[in-house]
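# Report on the structure
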Amino acid sequence: MTSNAVLRFREFGKKIVAVGRNYKEHAAELGNVVPTKPILFLKPTTSYVIQGQNIKIPPNCKSLHHEVELGVVIGRTGNNITEDRAMEHVGGYVLALDMTARDLQDEAKKKGLPWTLAKGFDTSCPIGDLISTDKLQQPDNVQLWLKVNGQTKQDGNTKDMIFSIPYLISYISKYFTLEEGDVILTGTPSVSDLLIKEISLMLEFQTLLHLNFSV
């Protein structure tokens, strides 16, 4: 039985742990080296925005990019989780966006500074409702689409992730205790793209979920 904290993860979860460059093509399109271990960053839970609410462009941002991702909702608290037991800690899945102020991120990277402003601003994590593990039994083979004003901009499959979900859970839990309701964003396929004002985004997730957001 799914707990209340998992069903209402947006209210009870304490953190969003996001994974950067977890698809080879996305790393390549940004001119980055393919990582040999997960690249992690945090987003505050105040970045959540649900369908029907608008995505806001943060101050001083002129290059806002979309990144469609499969999110993993933690259903059982744990740390130092072994890879072979990792899936026991999964409470469900979500369809999400990691909105990125690319110009702010590029500026931070050049100076060797954190990506916090570029990744953690209010409304930077549009997200859907929980999808149960019964409905999604093969998270390692999920097709993700994102359309902007009806035009497909991203189309990828989780089978192309560099680091698998069990590996990510195990790796992350060595550094952060993963608590019930926390979310792991597992990375985005190529191609993330520039957004402008007054556009509509549609996220699609196999046949399980469709979400719409506006900027």
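These figures come from a predicted structure and were not determined experimentally.

## Things to note about the packing of aromatic side chains
Scanning the entire structure with this criterion turns up 5 aromatic pairs. A centroid spacing of 5.5 Å and a plane angle of 55 degrees characterise the contact between phenylalanine 41 and tryptophan 115, whose relative ring orientation is tilted. Of this pair, phenylalanine 41 sits in strand 2 (residues 39–43) while tryptophan 115 sits in the loop between helix 4 (102–111) and helix 5 (116–119), and the two are 74 residues apart along the sequence. Across the pair, exposure class does not vary: phenylalanine 41 and tryptophan 115 are buried alike. On the numbers, 5.4 Å between centres and 50 degrees between planes, the contact of tyrosine 171 with tyrosine 175 is tilted. Residue tyrosine 175 is classed as exposed on the basis of its relative accessible area of 58%. Through successive ring pairs, a cluster of aromatic residues spans Phe163, Tyr167, Tyr171 and Tyr175.

## Describing the pairing of strand 10 (residues 151–157)
Pairing between strand 9 (residues 143–148) and strand 10: 6 bridges, direction antiparallel. When the sheet's bridge partners are listed, valine 148 is paired in strand 10 with glutamine 151. Linking strand 9 to strand 10, which pair antiparallel, is a turn of 2 residues; within it asparagine 149 sits at a positive phi near 50 degrees.

How each quantity is defined
- Residues numbered from 1 in each chain as written.
- Predicted model: local features only at pLDDT ≥ 70, side-chain atom pairs only at ≥ 80, totals over all residues.
- Heavy atoms only, no water.
- Phe/Tyr/Trp six-rings, centres within 6.5 Å; stacked < 30°, edge-to-face > 60°.
- Helix = DSSP H or I, 4+ residues; strand = E, 2+ residues; numbered from the N terminus.
- Buried < 20%, exposed > 50% of the residue type's maximum accessible area, 1.4 Å probe, protein only.
- Pairing = 2+ DSSP bridges.

Interpretation in functional terms is not warranted from these geometric data alone.
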